[in-house]
Amino acid sequence: IYINNHNYLLLFFQRVIIYRVIHPVKYFTSYIERNVRPDGRKFDEHRNIKLNINTIKSAETSALVKYGNTTVICGTKLELAAPKAEDPDSGFLVTNVELVSLCSPKFRPGPPSDHAQVVSNVVSEIINNSKFVNLKDLCIVSDKLAWVLYCDIVCLDNDGNIVDACITALTASLKTLSLPTVTYDPETEEMKVDTNNRISLKVNGLPVATSFAIFPHCEKSILLTDPNTFEEEMCGGNGANMIVSWNNGFLCGILKSGGGTLSIEQEKEAIKVAKERTQLVEKLIDTCILKKDQ
């Protein structure tokens, strides 16, 4: 009896997988009509988040983040350079997102894909709009010397909602960053870097991005929080359709790209869900940093 039941379940799941491949829209719609997502989540439910601080020992600071199966790692490197002539009192914060070929069969080895460049620009825009780091704090000597923060983010496994994972990894990494003390002699233009005497980087809050997929169904749109890759594809986007970002209790950006239209009530609901989720992510980052310091 056990063998028969086992074979029956195996045959059932095989048919479900085949049905999903042949009729993905019907498969997805059948779940949505029952007010549940294919992975069992509610529409406004996000996946479990795991965070590990200082994963890469060769970087100044780093963070590894998992949103469900989506895995992202961020490492930060430091460099000294002259400020821009048009902005002599500011340093640099350079973010770069790499979607390597091993993270998804959609990507191939070689130059960065268009999607990788879009994700990199979105991450940079969210961080800049949130005022997370004041670039003037990175200036050591006006018009002479400033810090350059290179934040390289690599996706190891892309199962949707890549922007949220990148923002969490980046903010957790910079939250733990400390800068070496630098002395500069303007006459000789000599500088000395003391790596034993460090100052923590000043940050403003903890910006958190919350992504949504928008699925048009029966003349209305359904919001899906923290979409996975399959849900993003079913909602007609190469990535999430809408991203809402909060920092320090303030709404600092809404980015919508494709998907169905939303009513005013749905927009308010998305903002509310994003605000509540921001508090959870902030608590997660603060807890991980606190345990690391103990």
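Residues numbered from 1 in each chain as written. Predicted model: local features only at pLDDT ≥ 70, side-chain atom pairs only at ≥ 80, totals over all residues. Heavy atoms only, no water.

For the protein chain, an unreviewed UniProt entry supplies the name Ribosomal RNA-processing protein 43 and the organism Papilio machaon. UniProt, in the comment section headed Sequence similarities (unreviewed entry), describes the protein chain in these words: "Belongs to the RNase PH family." (UniProt positions renumbered as here; feature names shortened; annotations may be inferred.)

(A) Focus on the sheet that holds strand β12 (residues 250-256). On the basis of which strands lie adjacent, the open sheet formed by four strands has the order β10-β9-β11-β12 and antiparallel pairing. Each edge of the open sheet is held by one strand with a lone partner, namely β10 (220-225) and β12. Taking the axes of each pair of neighbouring strands and ignoring which way they run, one obtains an average angle of 25° across the sheet. Relative to β12, strand β11 (residues 242-247) runs antiparallel, the two being bridged by six bridges. In the sheet register, W246 faces β12, and the bridge partner there is L251. (Pairing = 2+ DSSP bridges. Helix = DSSP H or I, 4+ residues; strand = E, 2+ residues; numbered from the N terminus. Axes fitted to C-alpha atoms, helices over the stretch in contact; angles between N-to-C directions.)

(B) Spotlight on the pattern of salt bridges. Summed over the entire model, instances satisfying the criterion amount to nine salt bridges. Here K106 makes a salt bridge to E233, at a shortest N to O gap of 2.9 Å. Placement of the pair is K106 in the loop between β4 (92-99) and α3 (114-130) and E233 in helix α5 (residues 229-234), with a sequence separation of 127 residues. By relative accessible area, which is 46% here, K106 ends up partly exposed. Between D164 and R277 there is a salt bridge, with its nearest N and O atoms 3.4 Å apart. In this pair, D164 is assigned in helix α4 (residues 162-175) and R277 in helix α6 (residues 264-293), connecting sequence segments 113 residues apart. (Salt bridge = Lys/Arg side-chain N within 4 Å of Asp/Glu carboxyl O. Buried < 20%, exposed > 50% of the residue type's maximum accessible area, 1.4 Å probe, protein only.)

(C) Local environment of the UniProt feature "domain: Exoribonuclease phosphorolytic" (unreviewed entry) in the protein chain. The UniProt record marks residues 45-180 and 205-277 with the feature "domain: Exoribonuclease phosphorolytic" (unreviewed entry), using the residue numbering of this structure. In this annotation, residues 45-180 is assigned 23% helix and 38% strand; the end-to-end C-alpha distance for the span is 41 Å. Between the end C-alpha atoms of residues 205-277 the distance is 15 Å, and the span holds 27% helix and 40% strand.

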